[in-house]
Amino acid sequence: MMWSFFSRDPSKDFPYEIGEPVAGLEDKSVWSLHKAKKKGSGEEVSVFVFDIRNGSETQFDVAKTAVKRLKTLRHPSILTYLDSLESEKVLYLATEYVEPLETHVTQLSKEGHQRELYLAWGIFQITRALSFLNNDGNLRHNNVCLSSVFVNAAGEWKLGGVEYVAGASEGTGLPIKILPALEKYDPPEKSDPSKQRLITKCSTDMWGLGCLIWEAFNGPLPQQSSLKDLENIPKQLSAVYCELVGANPSSRPNPADIITRCRKIGGYFKNDLVDTLLFLEEIQIKDKGEKNRFFSAITPQLDNFPENVCRHKILPQLITAFEYGDAGSAVLMPMFKLGRLLDEADYQKKIVPCVVKLFASTDRATRIRLLQQLEHFIGHLQSSTVNDQIFPQVAHGFMDTNPTIREQTVKSVIHLAPKLNYNNLNVEVLRYFARLQSKDDQGGIRTNTTVCLGKIAQHLHPQIRQKVLISAFIRAMRDPFPPARSAGVLALAATQQYFLLSEVAMRILPALCQLTVDPEKSVRDNVFRTIKGFLGKLEKVSEDPSLRESMEADVHTATPSLSNAAATWAGWAVTAVTAKFYRSQSDTVKSITPVASKTLSKPGSLEQPSSSSISTTTSSVTSMTSLEQEESKGAESVSDYDETWDTENWGEMDTPASPPSTASEPKSPLPGSKERKGTDGWDTEEWGSLEEDPVAESGPGEGWGTTDFVPVEDTTGTKSVSSYNWGDSTKEETTNRTQGWEDTEWEPLEETGGASSRLEEARKKREERKLQRQKELEARRATKLTGGPMKLGTKKI
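The numbering scheme is per chain: residues are counted from 1 as the chain's sequence reads. Predicted model: local features are reported for residues with pLDDT of at least 70 only, side-chain atom pairs are reported and counted for 80 or more only, and whole-chain, interface and lining totals are derived from all residues. Side-chain measures here rest on the full set of heavy atoms in the structure, leaving out hydrogens and waters.

*Asks:* Got a minute to help me understand the overall build of the protein in this structure?
*Replies:* From N to C terminus, the protein includes 27 helices and 10 strands. The buried share among the 797 residues of the protein stands at 54%. Contacts: residue pairs with any heavy atoms within 4.5 Å of one another. For the protein, the proportion of contacts with a sequence separation of at least 24, taken over those separated by at least 6, is 70%. In short, Shrake-Rupley with a 1.4 Å probe defines the accessible areas, and a residue's cover is counted only from the protein chains shown. Accessible area for the protein stands at about 35300 Å²; split by element, carbon and sulfur atoms hold 51% of it. In this description a helix means any DSSP run of H or I spanning at least four residues, a strand means any run of E spanning at least two, and both kinds are numbered starting from the N terminus. Whether a residue is buried, partly exposed or exposed follows from its accessible area with a 1.4 Å probe, protein chains only, as a fraction of its type maximum: under 20%, in between, or over 50%, in that order.

Structure (structure tokens):
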């Protein structure tokens with residue numbers, strides 16, 4: 001038993017499983033390089049193996065010297081020692097996972113800016129390692145060449161091949177290399193005794209650095225005379241290179257001097273990649289201002305950096321800077337951009353915990369950046385994480401006092417909706433949307449709430465969708481803010497496949513017809529186009545009733561298909577649903593069309609809520625982009641299947657064609673304004689209810705339905721979304737509304753049976769009131785205007 005213990009092969013206790021060999025060191029090293037994994041963890045490492053039985057005694061001594069030397073050297077640019085083991089048969093040296101530089105360089109593309117930046121970074125690292133050895137360690141490497149440099153997973157160059165390292169004070173003699181393939185790297189003074197007295201502590205390694213530079217751009221050095229070929233050496237580096245391979249040892253520069261010279265502006269080591277990686281290495285000693293400037297500038301540069309450097313070097317540094325430093329929200333943009341390089345397992349492990357932690361932050365700048373970057377990481381988040389940890393934090397933004405936060409929160413729902421559960425989407429989100437659409441004092445936010453509702457319609461539960469969409473969009477069409485009215489019209493067209501034909505005839509078309517006399521030309525253009533589409537749909541069903549079923553196929557479908565033939569007429573609006581939001585002043589204005597005659601006012605501060613004035617808040621005073629290009633078609637009719645509608649873009653609202661002057665602002669005051677009636681010839685009394693028993697005149701701030709909006713602050717219990725007023729209620733539905741929208745299905749008029757007489761009576765009353773209002777309106781206009789009747793869409797002077 002004891003005999004078996006002492007005779008056991010100790011290599012079996014080596015904590016690494018040695019794998020297949022790696023090519024590249026065959027005749028240039030006493031070692032053979034193998035891939036390996038750490039037992040237990042599976043961590044990838046490299047193991048250098050020396051076969052004692054097949055190697056000479058001299059080679060064995062050189063190998064043992066290398067192990068001892070590497071144990072004592074610790075530097076970011078020197079190969080990292082992990083473990084070693086000597087047995088009767090082999091000598092093992094375990095290091096970080098690396099591959100030979102020769103193999104790595106051949107895999108790089110032959111041309112391109114990325115290659116140039118990367119080679120500069122690599123040469124800088126080896127120069128820095130030699131400066132450490134020569135100046136700090138008072139050592140000579142004596143073996144600098146392509147085969148002594150390795151590259152790790154992060155793309156960092158590591159100096160190895162330490163078999164011939166010797167002290168600088170151990171005389172001027174150069175070591176004898178036992179491998180013939182390495183003799184071509186010997187400096188000329190080795191064979192010229194007269195020059196050996198000129199040798200300095202760094203002259204030999206500087207010659208080797210010159211050989212390495214040549215090989216980095218040309219491949220393995222065939223013979224020493226090839227060093228005279230400068231064709232592929234960068235011009236920025238040629239002067240330094242010539243000094244390195246000069247015949248006089250004393251004229252070769254110190255590696256520290258090379259770094260100083262080449263790091264100056266215009267120098268070879270002065271580029272974005274080197275600057276970025278050096279900053280990250282020293283980020284702990286940088287102040288907050290420097291960090292913010294750095295993180296703001298790095299994002300566009302990342303596309304020029306090698307992927308392995310970004311993934312394994314830069315990203316871990318960014319995560320560390322966020323978790324343990326004061327980098328703040330500025331680090332989010334580059335971190336999320338690089339996160340796309342990770343596989344799903346690494347993303348869940350490295351990025352998701354940071355995201356969850358960030359959403360709990362109370363810092364407004366952090367919340368803004370998170371919401372703006374949501375689309376880059378939402379796909380990696382599990383639905384349970386979104387509903388349990390992310391959405392509760394996001395929901396606070398709906399009621400934030402800062403308009404910018406509210407606006408970004410609304411926009412974020414587009415990306416969150418597919419992952420939200422029934423309660424969060426169909427109850428909580430719609431509860432906040434109802435509040436924002438009717439009560440928010442920012443026109444831009446009210447507009448974007450309508451846009452967002454149209455975009456997420458496909459994710460809503462069919463029953464909720466039936467009860468909410470039409471009422472919400474008709475409410476938007478009564479908004480005093482022109483872009484909000486256009487958003488309501490376009491949203492109706494974009495979601496037309498969710499409406500019963502009876503609803504189209506009895507509710508949607510009457511509401512649209514009222515806007516055919518809207519003061520804003522852009523609103524009228526959208527209205528006429530939408531009316532033509534809906535009428536064309538009804539006409540087709542009238543001609544062929546069998547089409548009704550296909551037209552309404554998506555109404556009660558949880559996952560409707562946009563390929564439904566009934567949707568083709570509104571292709572322009574469906575395209576709009578996938579477009580951008582209305583851009584308000586809270587967003588950075590990237591460009592303004594030349595037509596614009598006014599400069600948009602300054603965006604609201606993130607730190608202070610802006611006032612309720614529409615000209616100074618996050619809600620832009622600009623009107624929605626006009627669709628006036630259609631006017632150039634002259635008498636051409638826009639059919640209900642007009643393919644040119646596809647060119648229209650709901651998102652064009654973010655680049656207004658002509659921001660109105662301040663003189664026209666009173667035309668569409670904010671909800672709650674006391675000057676809504678009779679100030680410019682646009683009487684808000686014409687916004688009568690479309691239903692059978694119109695409500696008395698009231699401003700949006702007072703509610704646009706027969707029931708008051710239930711405020712969000714009422715948190716006595718979770719309420720169904722149908723319990724909130726989306727406006728547009730009828731007389732016969734008013735009594736049922738108190739019991740929730742579940743009690744009424746918005747039944748078509750033709751199916752109500754005995755209600756026909758009441759409906760007819762209600763219509764007569766509505767016509768009488770409408771005539772009366774028209775007379776009052778004309779009377780007021782006659783008293784205020786002396787130049788004849790006001791033309792549609794003109795401003796009062």
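Anyway, onward from the coordinates.
*Asks:* I'm lost on the packing of helix α10 (residues 307-324) against helix α11 (residues 332-339) in this one. Help?
*Replies:* Packed helices, taken two at a time, are described by the angle between their axes plus the distance between the axes. In this description, a line fitted to the C-alpha atoms serves as the axis of each element, helices being fitted only across the stretch in contact, and the angle between N-to-C directions of two axes falls anywhere from 0 to 180 degrees. α11 packs onto α10 with a crossing angle of 145 degrees between their chain directions and a minimal axis gap of 10 Å. Judged by the sense of rotation from one axis to the other, the crossing of α10 with α11 is left-handed. Taken together, the residues of α11 that come into contact with α10 (itself represented by Cys310, Ile314, Leu315, Leu318 and Ile319) are Pro334, Met335, Leu338 and Gly339. Each residue belonging to the contact of α10 with α11 can be placed in one class, and the counts come to eight nonpolar, one polar and no charged. Rotating anticlockwise by less than a right angle from the far helix to the near helix defines a left-handed crossing, while the corresponding clockwise rotation defines a right-handed one. Residues are grouped as follows: Ala, Val, Leu, Ile, Met, Phe, Trp, Tyr, Cys and Pro are nonpolar; Asp, Glu, Lys and Arg are charged; all remaining types, including Gly, are polar.

*Asks:* How should the side chain of Arg507 be read in this particular structure?
*Replies:* Topologically, Arg507 is positioned in helix α22 (residues 501-514). Each polar contact in these results corresponds to two N or O atoms within 3.5 Å; when the atoms are within protein, one needs to be able to donate a hydrogen and the other to accept it, and residues that are neighboring in sequence are counted only if both atoms are side-chain atoms. Side-chain polar atoms of Arg507 contact the side chain of Ser471, separated by 3.2 Å.

*Asks:* Just checking my understanding: could you explain the pattern of salt bridges for this structure?
*Replies:* For side chains of opposite charge, pairing can occur when their charged atoms come near one another. When a carboxyl oxygen of Asp or Glu is within 4 Å of a side-chain nitrogen of Lys or Arg, the pair counts as a salt bridge. Enumeration over the complete set of coordinates arrives at 24 salt bridges. A salt bridge links Arg431 to Glu428, with the shortest nitrogen-to-oxygen separation between them at 2.6 Å. With Arg431 and Glu428 both in helix α18 (residues 422-439) and three residues apart, the pair spans about one turn of that helix. Accessibility expressed as a relative area gives 9% for Arg431, which makes it buried. Notably, a salt bridge pairs Arg548 with Glu552, separated by 3.8 Å at the nearest N-O pair. Residue classification places Arg548 among the partly exposed residues on the basis of a relative accessible area of 31%. For Glu552, a relative accessible area of 16% translates into the label buried. Shared partners join several salt bridges into a network, and the residues in it are Arg128, Glu156, Glu281 and Lys313.

*Asks:* Can you walk me through empty space enclosed by the protein in this structure?
*Replies:* A water-sized probe rolled over the atoms picks out the places where empty space is left. Definitions used throughout: a 1 Å grid over protein atoms alone; a cavity as a set of points that fits a 1.4 Å probe which cannot get out; a pocket as an open set with protein on both sides within 12 Å along at least five of seven lines; a lining residue as one with an atom within 4 Å of a point. Grid points are joined across faces, edges and corners, and a volume is the space filled by probe spheres set on the points. Taken as a whole and judged by the stated rule, the model has 10 cavities of 30 Å³ or more. When its volume is computed, the largest cavity comes out at roughly 180 Å³. Taken together, 21 residues make up the lining of the largest cavity; nearest its centre are Ser29, Trp31, Gly161, Val162 and Glu163. In terms of residue class, the lining of the largest cavity is made up of 13 nonpolar, six polar and two charged.

*Asks:* Can you walk me through the environment of Asn248 in this structure?
*Replies:* Among the structural elements, Asn248 can be located in the loop between α6 (235-244) and α7 (255-262). Residue Asn248 is classed as partly exposed on the basis of its relative accessible area of 32%. Sequence spacing of Asn248 and Ile199 is 49 residues, and the spatial spacing of their C-alpha atoms is 8.6 Å. A polar side-chain atom of Asn248 sits 2.8 Å from a polar atom in the side chain of Ser250.

*Asks:* Honestly, the sheet that holds strand β6 (residues 98-100) in this entry has me stumped. Any pointers?
*Replies:* Within a sheet, each strand pairs with its neighbour through backbone hydrogen bonds, oriented either parallel or antiparallel. Strand order in this open sheet of three strands is β6-β8-β9, and the pairing throughout is antiparallel. Sheet topology places β6 and β9 (157-159) at the edges, where each strand pairs with a single neighbour. Strand-to-strand twist in this sheet, taken as the mean axis angle between neighbours without regard to direction, amounts to 40 degrees. Two strands are counted as paired when DSSP detects at least two bridges linking them. Sheet analysis places strand β8 (residues 149-152) next to β9, joined by three bridges and oriented antiparallel. Paired with Phe150 across the two strands is Lys158, which belongs to β9. In the packing of helix α4 (residues 113-136) onto the sheet, contacts are made with β8 and β9, and the angle to β9 comes to roughly 25 degrees.

*Asks:* Help me out: how do you make sense of the packing of aromatic side chains in this one?
*Replies:* Under the pairing criterion, centres of Phe, Tyr and Trp rings, with the six-membered ring standing for Trp, must be within 6.5 Å; the plane angle then separates stacked pairs below 30 degrees from edge-to-face pairs above 60, leaving the rest tilted. For the structure on display, the rule yields 16 aromatic pairs. For the ring pair Phe279 and Phe294, a centre distance of 4.2 Å and an interplane angle of 15 degrees mean the geometry is stacked. One end of the pair, Phe279, is in helix α8 (residues 272-281); the other, Phe294, is in helix α9 (residues 288-301), and 15 residues separate them in sequence. Since its relative accessible area comes to 11%, Phe294 is described here as buried. Measuring from ring centre to ring centre gives 6.2 Å for Phe359 and Phe377, while their planes differ by 65 degrees; the resulting arrangement is edge-to-face. One end of the pair, Phe359, is in helix α13 (residues 352-359); the other, Phe377, is in helix α15 (residues 374-377), with 18 residues separating them in the sequence. Judged by relative accessible area, which is 3%, Phe359 ranks as buried. Exposure remark for Phe377: the relative accessible area of 0% places this residue in the buried category. Feature note: the residues Trp31, Phe48, Phe50, Phe60 and Phe150 constitute an aromatic cluster, connected by ring pairs. A ring has a charge above it when a Lys NZ or an Arg CZ is no more than 6 Å from the ring centre and no more than 35 degrees off the ring normal. Positioned over the ring face of Tyr498 is Arg465, at 4.2 Å from the centre of the ring.

*Asks:* Mind showing me how you'd approach the sheet that holds strand β2 (residues 32-38) here?
*Replies:* Taken in spatial order, the five strands make up an open sheet running β1-β2-β3-β5-β4, and their pairing is antiparallel. Both outer strands of the open sheet, β1 (16-22) and β4 (81-86), are each paired with one neighbouring strand and no more. Going from strand to strand, the sheet's axes swing by 30 degrees on average, the running direction of each strand aside. Pairing between strand β3 (residues 44-51) and strand β5 (residues 90-96): seven bridges, direction antiparallel. Along β5, the bridge assignment pairs Val47 with Ala94.

*Asks:* In this structure, what is going on with the environment of Gly246? I would like to understand it.
*Replies:* Positionally, Gly246 belongs in the loop between α6 and α7. Of the residues examined, Gly246 reaches a relative accessible area of 16% and is grouped as buried. Spatially, the C-alpha atoms of Gly246 and Gly210 are 9.3 Å apart, while their sequence positions differ by 36 residues. Leave out the neighbours within four places in its chain, and Gly246 touches Trp207 and Arg252.

Structural measurements only, silent on function.
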